Amino acid sequence: MILALLSLPAVPQAYAQHRPTDQDEAFRGRQAGALRPLREIEGGVVPQMQRRGADYIGAEYDGGMGRYRLKFMRAGSVIWVDVDGRTGAVVGRAGE
């Protein structure tokens, strides 16, 4: 058994020293009840944008701002919708 463990490759440095990412912060915030779930945020924004003819591309989380940023495409243009992760309120739009 020890011989088998010794034959395993060393763990890359990147895995050995994990640095928190925005996704980690979003997970912890969601677990603590401080952030709304992404699916809830999407449920409030995506249908409105689709009615306006925009296709939903995806989302990211900005831990520094505590905001989700949802990305849409319409007629070849990118539209960003920023949503407060705590309240679910739309706090900004860009690219419309």
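Now for a quick tour of the structure. (Residues numbered from 1 in each chain as written. Predicted model: local features only at pLDDT ≥ 70, side-chain atom pairs only at ≥ 80, totals over all residues. Heavy atoms only, no water.)

**Re the side chain of Asp-84**
Then step 1. Counting through the fold element by element, Asp-84 comes out in strand β3 (residues 77–84).
Then step 2. A distance of 2.7 Å separates the side chain of Asp-84 from the backbone nitrogen of Arg-86, its partner in a polar contact.
Then step 3. Side-chain polar atoms of Asp-84 contact the backbone nitrogen of Thr-87, separated by 3.0 Å. (Helix = DSSP H or I, 4+ residues; strand = E, 2+ residues; numbered from the N terminus. Polar contact = N/O pair within 3.5 Å; in protein donor to acceptor, adjacent residues only side chain to side chain.)

**Some points on the pattern of salt bridges**
Then step 1. The full count for this structure, using the stated rule, is 4 salt bridges.
Then step 2. Glu-40 serves as the salt-bridge partner of Arg-36, at 2.5 Å between the closest nitrogen and oxygen.
Then step 3. Given a relative accessible area of 40%, Glu-40 falls into the partly exposed group.
Then step 4. We note a salt bridge from Asp-84 to Arg-86, for which the minimum N-O separation is 3.6 Å. (Salt bridge = Lys/Arg side-chain N within 4 Å of Asp/Glu carboxyl O. Buried < 20%, exposed > 50% of the residue type's maximum accessible area, 1.4 Å probe, protein only.)

**Here's the deal with the side chain of Asp-82**
Then step 1. Relative to the helices and strands, Asp-82 is located in strand β3.
Then step 2. Only 2.7 Å separates the side chain of Asp-82 from the side chain of Arg-69, close enough to count as a polar contact.
Then step 3. Not counting residues up to four positions away in its chain, the partners in contact with Asp-82 are Arg-67, Tyr-68, Arg-69, Ala-89, Val-90, Val-91 and Gly-92. (Contact = heavy atoms within 4.5 Å.)

**Comments concerning the sheet that holds strand β2 (residues 67–74)**
Then step 1. Spatially, the 4 strands line up as an open sheet ordered β1-β2-β3-β4, and their pairing is antiparallel. Whereas interior strands pair on both sides, the edge strands pair on one side only; in this sheet they are β1 (55–62) and β4 (90–94). Neighbour-to-neighbour, the strand axes of the sheet open up by a mean angle of 20 degrees, direction not taken into account.
Then step 2. The sheet contact formed by β1 and β2 spans 7 bridges and is antiparallel. Within β2, the residue paired with Asp-62 across the bridge is Arg-67.
Then step 3. Packing against the sheet, helix α4 (residues 38–51) makes contact with β1, β2, β3 and β4, and its axis sits at approximately 30 degrees to β2. (Pairing = 2+ DSSP bridges. Axes fitted to C-alpha atoms, helices over the stretch in contact; angles between N-to-C directions.)

**Some remarks on the pairing of β4**
Successive residues of a regular strand alternate their side chains across the two faces of the sheet.
Then step 1. Alignment of β3 against β4, held across 4 bridges, turns out to be antiparallel. Residue Val-83 lies in a different strand from β4, and its bridge partner there is Val-90.
Then step 2. Hairpin remark: β3 followed by β4, antiparallel, with 5 residues in the connecting loop; positive phi at Gly-88, about 85 degrees.

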